[in-house]
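# Coordinates in review
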There are 2 protein chains.
Amino acid sequence: LSSGEFLPIRRMLNSLPPADVAHLLESTPPKIRAFLWQLIDLETEGDIIQYLNDEVQAQFLREMDAEEVAAIAENLEADDLVDILQQLPDRVIQEVLSSMDHQDRQRVEHILAYDEDTAGGLMNTDTITVRPNITLDVALRYLRRHENLPEMTDHLIVVSRSDEYIGVLPLRRILVSDPSVTIREVMSTDLEAIPASMPDTEVAKLFERHDWVSAPVVDDEGRLVGRITIDDVVDVIRENADHSLLSMAGLDEDEDTFAPVIKAAPRRAMWLGINLITAFIASAVINIFEGTIDKVVALAVLMPIVASMGGVAGTQTLTVVIRGMALGHISKDNSRWLINREVMVGAINGLIWAAVVAVAATLWFDDRTIGVIIAAAMVINLITAALAGALLPMIMDKLKIDPALAGGVALTTVTDVIGFMSFLGLATYFYA
Amino acid sequence: LSSGEFLPIRRMLNSLPPADVAHLLESTPPKIRAFLWQLIDLETEGDIIQYLNDEVQAQFLREMDAEEVAAIAENLEADDLVDILQQLPDRVIQEVLSSMDHQDRQRVEHILAYDEDTAGGLMNTDTITVRPNITLDVALRYLRRHENLPEMTDHLIVVSRSDEYIGVLPLRRILVSDPSVTIREVMSTDLEAIPASMPDTEVAKLFERHDWVSAPVVDDEGRLVGRITIDDVVDVIRENADHSLLSMAGLDEDEDTFAPVIKAAPRRAMWLGINLITAFIASAVINIFEGTIDKVVALAVLMPIVASMGGVAGTQTLTVVIRGMALGHISKDNSRWLINREVMVGAINGLIWAAVVAVAATLWFDDRTIGVIIAAAMVINLITAALAGALLPMIMDKLKIDPALAGGVALTTVTDVIGFMSFLGLATYFYA
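Keep in mind the model is a prediction, meaning the values are calculated, not measured.

## Overview of the sheet that holds strand E1 (residues 129-130) of chain A
Residues and elements named next belong to chain A. With respect to topology, three strands assemble into an open sheet ordered E1-E2-E3, the strand pairing being mixed. Every other strand in the sheet has two partners, leaving E1 and strand E3 (165-170) as the edge strands with one partner each. Inspection of the sheet shows E1 paired to strand E2 (residues 155-159) by two bridges, in the parallel sense. Paired with Thr129 across the bridge in E2 is Ile157.

## Points about the pairing of strand E6 (residues 224-229) of chain A
Across the six residues of E6 of chain A, six count as buried, placing the element largely inside the fold. The hairpin formed by strand E5 (residues 214-218) of chain A and E6 of chain A contains five residues between the paired strands, and Gly222 of chain A there has a positive phi angle of roughly 80°.

## What to know about the relation of the copies chain A and chain B
For the pair chain A and chain B, the superposition axis carries a translation of 0.0 Å, the fit reaches an RMSD of 0.0 Å, and the rotation angle comes to 180°. Such values leave the two copies arranged in the relation of a two-fold axis. Mapped onto chain B, 100% of the interface residues of chain A are again interface residues, and the two copies thus contact each other with one and the same surface.

## Looking at empty space enclosed by the protein
One pass over the structure, following the stated rule, counts six cavities of 30 Å³ or more. Considered as a void within the structure, the largest cavity measures approximately 1200 Å³ in volume. Secondary-structure elements contributing two or more residues to the lining of the largest cavity are helix H16 (261-288), helix H18 (298-326) and helix H21 (403-431) of chain A together with helix H16 (261-288), helix H18 (298-326) and helix H21 (403-431) of chain B. With nine residues, H18 of chain B is the single largest residue contributor to the lining of the largest cavity. Residues that form the lining of the largest cavity fall into these classes: 25 nonpolar, 19 polar and two charged.

## Description of the domain arrangement of chain A
The accessible area lost on association of the parts is a frequent measure of interface size. Residue and element names in this part refer to chain A. If you check the domain split of chain A, you get domain 1 (4-122), domain 2 (129-247) and domain 3 (261-431). Taking the mean C-alpha position of each, domain 2 and domain 3 sit 49 Å from one another. Summing both sides of the interface, domain 2 and domain 3 together bury roughly 380 Å²; the carbon and sulfur share of this comes to 49%. On the domain 2 side of the contact with domain 3, Lys205, Ser244 and Ser247 bury the most area, a combined 82% of that side's loss. Between domain 2 and domain 3 we count zero salt bridges in total. Counting the contacts that link domain 2 with domain 3 gives one residue pair in polar contact (both at pLDDT 80 or more). For the side of domain 2 that touches domain 3, the element with the highest residue contribution is helix H15 (residues 230-247), accounting for three residues.

## So, H15 of chain A
Quick reminder: α-helices carry 3.6 residues per turn. Residues three or four places apart thus point the same way. End to end, H15 of chain A covers 25 Å across 18 residues, agreeing with the expected 26 Å (1.5 Å per residue, within 8%). For H15 of chain A, the tally of buried residues reaches 13 of 18 residues, placing the bulk of the element in the interior.

## With respect to the pattern of salt bridges
Going through the model one piece at a time under the given rule, you end up with 38 salt bridges over all chains. Salt-bridge contacts for Arg209 of chain A lead to Asp20 of chain B; the nearest nitrogen and oxygen are separated by 3.3 Å. Residue Arg209 of chain A is found in helix H14 (residues 200-210), and its partner Asp20 of chain B is found in helix H2 (residues 18-26); the two belong to separate chains. Look at Arg209 of chain A and you get partly exposed, because its relative accessible area is 23%. Salt-bridge contacts for Arg238 of chain A lead to Glu208 of chain B; the nearest nitrogen and oxygen are separated by 2.4 Å.

## Things to note about a nonpolar patch on the surface
Residue and element names in this part refer to chain A. Nonpolar side chains collect at one region of the surface, where Leu387, Leu391, Ile395, Leu399 and Ile401 lie side by side and expose about 420 Å² of accessible area between them. Mapped onto the secondary structure, Ile401 falls in the loop between helix H20 (368-398) and H21. Under the relative-accessibility criterion, Ile401 is labelled partly exposed at 37%.

## Details of the packing of aromatic side chains
According to the stated counting rule, one finds 14 aromatic pairs over all chains in the structure shown. For the pair Trp364 of chain B and Phe365 of chain B, a centre-to-centre distance of 4.8 Å together with 25° between the ring planes defines the contact as stacked.

## Some words on the packing of H18 of chain A against H16 of chain B
In the contact formed by H18 of chain A and H16 of chain B, the axes pass within 9 Å of each other and the chain directions differ by 155°. Taken together, the axes of H18 of chain A and H16 of chain B lie roughly antiparallel to each other. In the packing of H18 of chain A onto H16 of chain B, the handedness of the crossing is right-handed. In this structure, H18 of chain A contributes Ala300, Val301, Leu302, Pro304, Ile305, Ser308, Met309, Val312, Ala313, Gln316, Thr317 and Val320 of chain A to the contact, and H16 of chain B contributes Arg268, Trp271, Leu272, Asn275, Leu276, Ala279, Phe280, Ser283, Ile286 and Asn287 of chain B.

## Description of the interface of chain A and chain B
Counting residues at the interface gives 114 residues for chain A and 114 residues for chain B. Note on chain A versus chain B: buried area summed over both sides is about 10300 Å², and carbon and sulfur give 67% of it. Among the residues chain A hides against chain B, the three largest losses belong to Arg172, Leu175 and Arg323 of chain A. Together they make up 8% of the total. Counting every contact that joins chain A to chain B gives ten salt bridges. Linking chain A with chain B are 38 residue pairs in polar contact (both at pLDDT 80 or more). Among the elements that make up the side of chain A that touches chain B, the one with the highest residue count is H18 of chain A (18 residues). Among the residues forming the side of chain A that touches chain B, the class breakdown is 68 nonpolar, 24 polar and 22 charged.

## Some details on the side chain of Glu26 of chain B
Considering the arrangement of structural elements, one finds Glu26 of chain B in helix H2. Within the buried set, Glu26 of chain B has no salt-bridge partner at all; the shortest N-O distance to an opposite charge, 7.4 Å, is to Arg33 of chain B. At a separation of 2.9 Å, a polar atom in the side chain of Glu26 of chain B contacts the side chain of His329 of chain A. Among residues more than four places away in sequence, those in contact with Glu26 of chain B are His329 of chain A together with Arg33, Tyr51, Leu52, Asn53, Val56, Asp256 and Phe258 of chain B.

## A short note on the nonpolar core
Residues Ile228 of chain A together with Ile228 of chain B are the most contacted members of the largest nonpolar core, which totals 126 residues. In this structure Ile228 of chain B touches Ala119, Leu122, Met123, Ile194, Val203, Phe207, Val213, Ser214, Ala215, Val217 and Val233 of chain B, once residues within four positions along its chain are discounted. Counting 90 residues, the second-largest nonpolar core is a separate cluster that includes Ile370 of chain A together with Phe289, Met303 and Ala307 of chain B.

Reading guide: rules and limits
Residues numbered from 1 in each chain as written. Chains lettered and ligands numbered in written order. Predicted model: local features only at pLDDT ≥ 70, side-chain atom pairs only at ≥ 80, totals over all residues. Heavy atoms only, no water. Pairing = 2+ DSSP bridges. Helix = DSSP H or I, 4+ residues; strand = E, 2+ residues; numbered from the N terminus. Buried < 20%, exposed > 50% of the residue type's maximum accessible area, 1.4 Å probe, protein only. Least-squares fit on C-alpha atoms with pLDDT ≥ 70 in both. Contact = heavy atoms within 4.5 Å. 1 Å grid on protein atoms, 1.4 Å probe; cavity = no way out; pocket = protein on both sides within 12 Å on 5 of 7 lines; lining within 4 Å. Points joined across faces, edges and corners; volume = space filled by probe spheres on them. Nonpolar A, V, L, I, M, F, W, Y, C, P; charged D, E, K, R; others polar. Domains from an automatic or database assignment. Buried area = accessible area lost by both parts, 1.4 Å probe. Salt bridge = Lys/Arg side-chain N within 4 Å of Asp/Glu carboxyl O. Polar contact = N/O pair within 3.5 Å; in protein donor to acceptor, adjacent residues only side chain to side chain. Expected span 1.5 Å × (residues − 1). Patch = residues over 30% accessible without salt bridge, like charges linked within 9 Å, V, L, I, M, F, W, Y side chains within 5 Å. Areas by Shrake-Rupley, 256 points an atom, 1.4 Å probe, with all protein chains shown as cover. Phe/Tyr/Trp six-rings, centres within 6.5 Å; stacked < 30°, edge-to-face > 60°. Axes fitted to C-alpha atoms, helices over the stretch in contact; angles between N-to-C directions. Parallel < 35°, antiparallel > 145°, perpendicular 65-115°, else oblique. Left-handed = near helix turned anticlockwise from the far one by under 90°. Lys, Arg positive; Asp, Glu negative; His and termini not counted. Core = buried A, V, L, I, M, F, W, Y, C linked by side-chain atoms within 4.5 Å.

Have a look at this one:
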């Protein structure tokens, strides 16, 4: 490895922008990925590792000792370092912390104290603060003493003598204002600071709604503790959106696209096992009506249609409701309207497609009874599907169960059971 | 309405932040929504309408005449106005444009010329530009002549005499630099400008990867034509993520959570119709083996298990691949590895659950043959599901078919057909 053979690759990896190298690593299968990682210099590893998704990050971290992590830590901002530390065992975290200088260590411990999914866990501590009673001219001279300002600094944060948050002074405004005025006169107090305990999804909504680049974070006493920047919020938005999509297939939002078989197989196996249980429940329902199927075998041919149409219609409702909940559109006041709408849509579409299926089944098996039965079963199942698709996520949300994860399986169980039960039950009544 | 009765509501609607009012409107059923909209003053309508999702926006715009749209247009930034105009018929667009003053009109026409889904369609024209040869002091005096700088201005854009893009000068750097140096000395030329024709998803990737707040946009000749800001990029990210989730249920990412029945029903009906076709295909396959089912009715009881497990496993693969493609992880070089991995995972999980199902089926029906048959069918279907789940989106992507929309239906068709065919086919062989 240290020979000259791989020098061009090594040189490329260490000169590309770290985010691009991270993307390259995420896009490569395990063996090549491990090989490329070895070609990267320790100094640049820190820059790159912060851009990797959690699962890939954990892979590399697992093979590092505390000393190596500490070496990487030096180049990282406090919030990015905390993200990485949270993946490590407590023992390693302590070792890394003890290798840091006092000030850095305090900063990191400060963020580590907050839950990962809160504003406190998302924030950075690199705030530039000023007092309200100084003039812009004084502030400008103070700024000029810095070599540079932290990335994404779009305003100075105005605080009281005891560090209480007062307001912000946008850099844009400093540049167009008369230097002799005081900060109090030009600062803006509209921007309400974010409490450190606010969930990160709420933080993301605020950023989206108010088009912020950065926002101050305060503790329970209103004292400034840090700031959140849009780049970290974008990650939250992306992760939440991915979560909905991937959960529906029983996958994790940190899923490594190129996870090896030994990792991917057990994770998926569990999901298949859960679905197998619902499949057996459906089979048990069919089994009740074995006798009827034995008499009219056409029922076996047609029964999947009723179940699958219910599943499709229910999934549509479920998706609309889960997304509406994620966007904060759905509340107690409007959920009744929404449920009504879904049932109406289910009934109308049930009737339309029931008519089509009835004609098709009647012609196919030359049997008008089977047409009537399948039509009735479809209407019943599509209305049930709409009800289940709307109610299940609402109930799960109350019970703190993730509807994106559990909603689909629960829904299919309902639509399969009701689909087979109504179709075969009606058939038993008519043909028995 | 103009009576005093609704004055408190009216006052509230016209004093809340526009983004919050937009969210409130999106969260209300049609009738109340229309009523609330009437209480909003024409001057604030413009501020609010830009925050609404496309479908709700279109609803309100449809009821406005060109004059009203023109009145709203006055308060909007060029890029937000263009987003709104794109929803209107050409005739109205022309009327609105002709009511604008020359400069504004030119700006808007400039953006309208680009496709909605490109950097050009996403950009705004409110750039603050400077020449490289002036000193910071001169630049500062020039800035002070502005009353304020546009939102999200995090740098000045450095251009040549003929408006060619050269680099950017971050405000952060202006504030910490000696005023006597020239812009050329402190500007940064690392940031490559975005070509106006770049697709918006690519733009979003660049912003995410490089943590930009804003970035310059250039035409084919490298001349500055505008800038893109992170708030609009966040919308792109959100919409793309929503697109994957909603397409899988045949829904649109602009879907209004509270769309009335007459709008929601036909849209969903179409999707159900498409799925009905695949359900009939599956039924046709079952129908081939009617005779076998007639002999061994237990087959009818167990057959949904094989099909549904294939569907679940295939959906997992499909989701991983679609997301990997969205993140730009998957290329020609690594797709073979990915397909292999998926087939391996499918085979392993197929074998594990086939064993469980075989034992369960054997005990249930006291028939060892049926256990062997269902196990074999499950392994076949799970391997097929993995292959289809990986290959279908890759093929669709090449054919410019949206895999998020069409992938699920196509996959279920495959797993249903292969599931029923292998299970009932093997049964016919063994029991005939």
